[in-house]
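# Geometric and topological summary
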Amino acid sequence: MKTRLRLIILLLLMLQIVSCSLKKTLPKERLCEVVEQECHPQSWTGVGLDTSAGTVALMDSYYKFMPLKETNTSEDELGLSFLEDGRGLLCFLDGGKQTAMIVRMVGEDKTRIESGLGLEQEGHKGLQSSRKGQIVYSVSEDTSLTGNSVLYVGSLDGNLVRAGMKFGDEINSDGNGWTSYPSLNSTGEVLFFSSDRAGGFGGTDIWYSVRENGGEWSAAENCGGSINTSCDEISPFVSPNDKELYFSSNGGETVGGYDIFKSTISGEFWTRIRERGSVGVRNRTGMFSSRKNERTPLNTVADEIMPTCLGDCDSVLYYSSNQASKSGS
């Protein structure tokens, strides 16, 4: 019996992304200072996935790209994440303001609005990740200050986020920094996120923090040079089996704009965390495999961001793209 078709769902974005909490391909502007970015991406030269009709007819499985039904609007749909019961958390722009709502999955290729997501904070908010009853989300409180964003953590009670508290300096580096795109692993003990905090490789990097005994989060650790470049790395996502780290980057070899990449997380990484907490993984050597571009036609000359999946990422992968706007369609 032929294996089931692999399906990759495409969330279409508008060309103009105006949210303060969303990184852009170009270095962001700061009101307080302008940081020069030594970003030198290269053209991707790999072999793309063949989805032509002739090839597909001879294959047991193949990739199919389509928009997520009853999800996309004339506004920007910025990304989808999942709750453990299979419902989705959709981050989108509403009248130019970033917010979030809960959606119910109706099959693999369709959502239905279930309710709003109650967040107490003002400003842009969303890009959330939830595991084991806790939820981490991004907030840009001052919408007049481009480039500022911080992370909050709270508990998810139905469609309400309660006891939302801003992370301290261990994750939110300073009042003028940009920290966003949180992703919790399956147990909720490790938080991956994007930040332009000092000590990285340039631009925004992907970092992680470990929840230690007693519930305190460790100081952020950079994922290292196998993941990060002198350009921007954003929107990390840990696969449900904790084996892969997906993310977007406009550095290294890219098809264009932001591309989706994947890195394998070593089993030793999780062993060291269980045995010694954050101290055990401060030496990052061998913890993450070299990043791998997920190739065309998934990646395009436009921006592909926010990769996520509910189960097997090799079977169904959800992401956001503004490729329709880039092509003029």
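Residues numbered from 1 in each chain as written. Predicted model: local features only at pLDDT ≥ 70, side-chain atom pairs only at ≥ 80, totals over all residues. Heavy atoms only, no water.

Each neighbour pair has its own omega, and for T296 with P297 the value is 0 degrees, a cis peptide bond. Position of P297 relative to the elements: it lies in the loop between β20 (292-293) and β21 (304-308). Not every positive phi belongs to a glycine, and Y181 is a case in point at roughly 55 degrees. Positionally, Y181 belongs in strand β12 (residues 179-184). (Helix = DSSP H or I, 4+ residues; strand = E, 2+ residues; numbered from the N terminus.)

Here we come to the sheet that holds β12. Hydrogen bonds between backbone atoms are what pair the strands of a sheet, whose relative direction is either parallel or antiparallel. Taken in spatial order, the four strands make up an open sheet running β12-β13-β14-β15, and their pairing is antiparallel. Both edges of this open sheet fall to β12 and β15 (221-222), since each of them pairs with a single strand only. With four bridges connecting them, β12 and strand β13 (residues 190-195) associate as antiparallel partners. Bridging across to β13, L184 finds its partner in L191. (Pairing = 2+ DSSP bridges.)

On to the pairing of strand β4 (residues 77-82). With six of six residues buried, β4 is to be regarded as a mostly interior element. Judged from the five bridges that link them, β4 and strand β5 (residues 88-94) form a sheet pairing that is antiparallel. The residue of β5 that forms the bridge with F82 is G88. (Buried < 20%, exposed > 50% of the residue type's maximum accessible area, 1.4 Å probe, protein only.)

Before going further, it helps to examine the sheet that holds strand β19 (residues 259-264). In spatial order, the strands read β16-β17-β19-β20; together these four strands make up an open sheet with antiparallel pairing. Of all the strands in the sheet, the pair left with one neighbour each is β16 (233-238) and β20. One ladder, built from four bridges, connects β16 with strand β17 (residues 244-249); its direction is antiparallel. Residue pairing in the sheet places E233 in a bridge with S249 of β17.

What follows covers the packing of aromatic side chains. Geometry of an aromatic ring pair is reported as the spacing of the ring centres plus the angle between the planes. Counted under the stated rule, the structure contains 12 aromatic pairs. By the ring-pair criterion, three or more aromatic residues cluster together here, those being F192, Y208, F269, W270 and F288. When the ring centre of W207 is taken as reference, the NZ or CZ atom of R197 above it lies at 5.4 Å. Above the ring of F261, the side-chain terminus of R291 is found at 4.0 Å from the ring centroid. (Phe/Tyr/Trp six-rings, centres within 6.5 Å; stacked < 30°, edge-to-face > 60°. Lys NZ or Arg CZ within 6 Å of the ring centre and 35° of its normal.)

Taking burial as the measure, the six residues of strand β22 (residues 316-321) include six buried ones, the bulk of the element. Burial along β22 is two-sided: the face carrying V316, Y318 and S320 and the face carrying L317, Y319 and S321 are both buried. Bridge count for β21 against β22 is three bridges, and the pairing is antiparallel. Bridge pairing links T308 to Y318 in β22.

Below, the discussion takes up the state of the cysteines. Taken as a whole, this structure holds two disulfides when the rule is applied. Between C309 and C313 runs a disulfide, and the two sulfur atoms are separated by 2.0 Å. Torsion about the S-S bond of the C309 and C313 cystine: about -60 degrees, corresponding to left-handed handedness. Side by side, C309 and C313 carry an identical accessibility label, which is buried. (Disulfide = S-S within 2.5 Å.)

Let's shift gears to the confidence of the model for the chain. Chain-level pLDDT for the chain is 85 on average; 84% of the residues reach the 70-or-more range. Scored below 50 in pLDDT, residues 1-5 shows eight contacts in the model against residues more than four places distant or in partner chains. Ignoring residues within four places in sequence, the model shows residues 7-32, a span with pLDDT below 50, making 122 contacts including any to other chains. (pLDDT = per-residue confidence, 0-100. Contact = heavy atoms within 4.5 Å.)

Attention now moves to empty space enclosed by the protein. Under the definition given, this model contains one cavity of 30 Å³ or more. Of the volumes computed, that of the largest cavity is approximately 170 Å³. If you go around the largest cavity, you meet 19 residues; those closest to its centre are S81, Q128, P182, F237 and T308. Broken down by secondary-structure element, the contributors of at least two residues to the lining of the largest cavity are β4, β8 (124-131), β12, β16 and β21. Of the residues in the lining of the largest cavity, the class split is 12 nonpolar, six polar and one charged. (1 Å grid on protein atoms, 1.4 Å probe; cavity = no way out; pocket = protein on both sides within 12 Å on 5 of 7 lines; lining within 4 Å. Points joined across faces, edges and corners; volume = space filled by probe spheres on them. Nonpolar A, V, L, I, M, F, W, Y, C, P; charged D, E, K, R; others polar.)

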